[in-house]
2 protein chains.
Amino acid sequence: MTTITLTLDEIYQLAFDCLQQNGADEENAAAVAQVMTCAERDGSHSHGLFRLPAYVASLRSGKVRGDARPLLREITPSLLKLHGGNGYAPLAHQTAIPALAAAAQKNGVAVLAITHVHHMAALWHEVEMLAEQGLAAFACTTYMPSVAPAGARSKFFGTNPIAFAWPRPDATPLVFDMATAAKAMGEVQIAARAQEPLPAGVGLDKNGAETTDAAAIVDGGVLLPFGGYKGSAISLMVELLTAGLLHENFSYEAKEKDNGDGGPPQGGEFILALSPAIISENDWQTHCQQFFDRLSALPGVRLPGSRRHQNRKTVEIRQIDAGQVEKIRALMTSEQAD
Amino acid sequence: MTTITLTLDEIYQLAFDCLQQNGADEENAAAVAQVMTCAERDGSHSHGLFRLPAYVASLRSGKVRGDARPLLREITPSLLKLHGGNGYAPLAHQTAIPALAAAAQKNGVAVLAITHVHHMAALWHEVEMLAEQGLAAFACTTYMPSVAPAGARSKFFGTNPIAFAWPRPDATPLVFDMATAAKAMGEVQIAARAQEPLPAGVGLDKNGAETTDAAAIVDGGVLLPFGGYKGSAISLMVELLTAGLLHENFSYEAKEKDNGDGGPPQGGEFILALSPAIISENDWQTHCQQFFDRLSALPGVRLPGSRRHQNRKTVEIRQIDAGQVEKIRALMTSEQAD
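The rules behind these values
- Residues numbered from 1 in each chain as written.
- Chains lettered and ligands numbered in written order.
- Predicted model: local features only at pLDDT ≥ 70, side-chain atom pairs only at ≥ 80, totals over all residues.
- Heavy atoms only, no water.
- Axes fitted to C-alpha atoms, helices over the stretch in contact; angles between N-to-C directions.
- Helix = DSSP H or I, 4+ residues; strand = E, 2+ residues; numbered from the N terminus.
- Left-handed = near helix turned anticlockwise from the far one by under 90°.
- Contact = heavy atoms within 4.5 Å.
- Buried < 20%, exposed > 50% of the residue type's maximum accessible area, 1.4 Å probe, protein only.
- Salt bridge = Lys/Arg side-chain N within 4 Å of Asp/Glu carboxyl O.
- Buried area = accessible area lost by both parts, 1.4 Å probe.
- Polar contact = N/O pair within 3.5 Å; in protein donor to acceptor, adjacent residues only side chain to side chain.
- Nonpolar A, V, L, I, M, F, W, Y, C, P; charged D, E, K, R; others polar.

S.K.: Would you mind going over the packing of helix H4 (residues 89-107) of chain B against helix H5 (residues 124-131) of chain B with me for this structure?
M.R.: The axes of two packed helices give the description: the angle between them and the distance between them. Residues and elements named next belong to chain B. Closest axis-to-axis distance for the H4/H5 pair is 10 Å, and the angle between their directions is 35°. Read as a crossing pair, H4 and H5 show a hand that is right-handed. Along the contact surface, H4 presents His93, Ile97, Leu100 and Ala101, while H5 presents Glu126, Met129 and Leu130.

Structure, rendered in structure tokens:
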């Protein structure tokens, strides 16, 4: 892969310009470009500029509104709802996360129910925003079907990611963000190309039989939830928390309603924030630090999120796939489809 | 196994009498006996009378107070805390769950933080109590270390169960309740006795090597989290929600402070209740029923909790291991240890 060197500012500007030239207004372009830049900063390339063509496709098709203005309402002191106006998730988060943090800091617990957004970014971004305010946070969302529930042979659940962050006073938060699928389809495609076998439990072939052959999964097969029936139960919980609780699209509905432009479908996001200070009524920081010290001292253990936070420390330049940058520049000069 | 036939009333009475004769007062004996009877009713024998000897051991050792009176406090309108008075969890639930349900029905979301209890029952009981009030519920708790975090080779996490329930208007709730360990040690012991190989990922042998030999795990080895590093992240979240958030014992602390009597250690429990009616502001019931219908129509799928609820429908008698009943009767006549 040929790469070119870009500063984080250049990455941001590239994303911003491309989004704006394709119909996003300044606020929406800035919010998406910022989240994308954070992904590149942390080494999460799969959530960085790589996603820009799909964002552009959904702006051009008119599925996503580039001029969306999220509307935030306080339903109760501990329950906020945000209607995303059919825009992208990042502006929704910018609008609502500070209010969610304030509600949790006052009430000990608060929920943000986001509807009518198109979410194609990582979830660690929003849970980290809350952890930086001294809060524990959990978030989940659905996507279009790609995973067979335990026992079934056909796609029904989305990859249904869950993310969790825990604040640490003098350190980066502990953060995990993971699909409830055994693997991302992208990873399976890479294994297929390399002709490397997969561990058992990743997917089924087109006949519904378990296989460790990545190519057989790619060729009309289906992914499985991580961890068998237990991971399947968690994926089911994500469907219910995101779509059932919020009256938004279940994964199968998102697919049925989507226009197939390759961009993110409409959906909801459930975010929970908890205040350890209020709930523990005690010196939770020292207590948790002892726990992290004990856990980190075990040989072989790496705290979730630490690799990303390590990447974050490096200087302000990043190596970006040259082909990707070329593709993005082409999106900025080509005529927009109607 | 020789079994004897008992009615559910007889099972309740046996548990109640045994607990009362070993130092539990009427309220605590009744609460524990009721939960145990529900487990036998649903076919969850591992959480039924089977646990009675361990309860008795912890009463006799004085670790658990048989006369505990839980103390409930409202910290904020959506945050309740309950100090269990070092008694068993069931009386704590009886005391606090109705107030938690009322808080969630009013605020959309509410948390119950339980501290200073000894929890050795299934978690489905408390989340089902909430689902019966039209609420979605999540609960988790820690236990003493038996699981190696992903990458590590020694016990650090408890089996750390999580439970979730979703209400269904004209049906039993959807409920799952599962350890975040790949398997319970009891299941591994059964496989060792039967000389049956385990799937990969269940445990390590005493040298820290992965093995599918159940006997090698039992003989000084250690369990692994379900689903590799993803399940390990969830088990870590359970430690933080239960012990970090509540200022209660992490699994390793529970072990260090426990007197080794074989009964349940002191710990906390995190319970979250959510109101689909308030959060969805819509006809969530019809929407979710369509989802359940689609999911259930997939060949091979069984909704979590359905087997227990099926068992529940059968007549009022149960087959109980005769040896177990004999053991319990012996606990009722034997002199109490000091």
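Resuming the write-up.
S.K.: Please clarify how the side chain of His287 of chain B should be interpreted in this entry.
M.R.: Position of His287 of chain B relative to the elements: it lies in helix H11 (residues 284-296). The exposure class assigned to His287 of chain B is buried, which follows from its relative accessible area of 9%. In this structure His287 of chain B touches Ala243, His247, Glu248, Phe250 and Glu253 of chain A, once residues within four positions along its chain are discounted.

S.K.: Where do I start with the pattern of salt bridges in this structure?
M.R.: Two side chains bearing opposite charge may form a pair once their charged atoms approach each other closely. Considering all chains together, one arrives at 28 salt bridges over all chains under this definition. Three or more residues joined by partner-sharing salt bridges are found here, namely Arg41, Asp42, Glu128, Arg308 and Arg312 of chain A.

S.K.: What is the right way to look at the interface of chain A and chain B in this model?
M.R.: Where interface size is given, it is often the accessible area lost as the parts come together that is meant. Listed per partner, the contact involves 74 residues of chain A and 74 residues of chain B. Together chain A and chain B conceal approximately 5900 Å² of surface at their shared face, both sides included; 74% is due to carbon and sulfur atoms. On inspection of chain A and its partner chain B, the count reaches six salt bridges. When the shortest N-O distance is used, the salt bridge between Arg73 of chain B and Glu281 of chain A registers 2.7 Å. Where chain A packs against chain B, one counts 22 residue pairs in polar contact (both at pLDDT 80 or more). It is helix H8 (residues 228-244) of chain A that provides the largest number of residues to the side of chain A that touches chain B, a total of eleven residues. When its residues are assigned to classes, the side of chain A that touches chain B shows 47 nonpolar, 16 polar and eleven charged.

Fair warning: the whole summary comes from geometry, so function is off the table for now.
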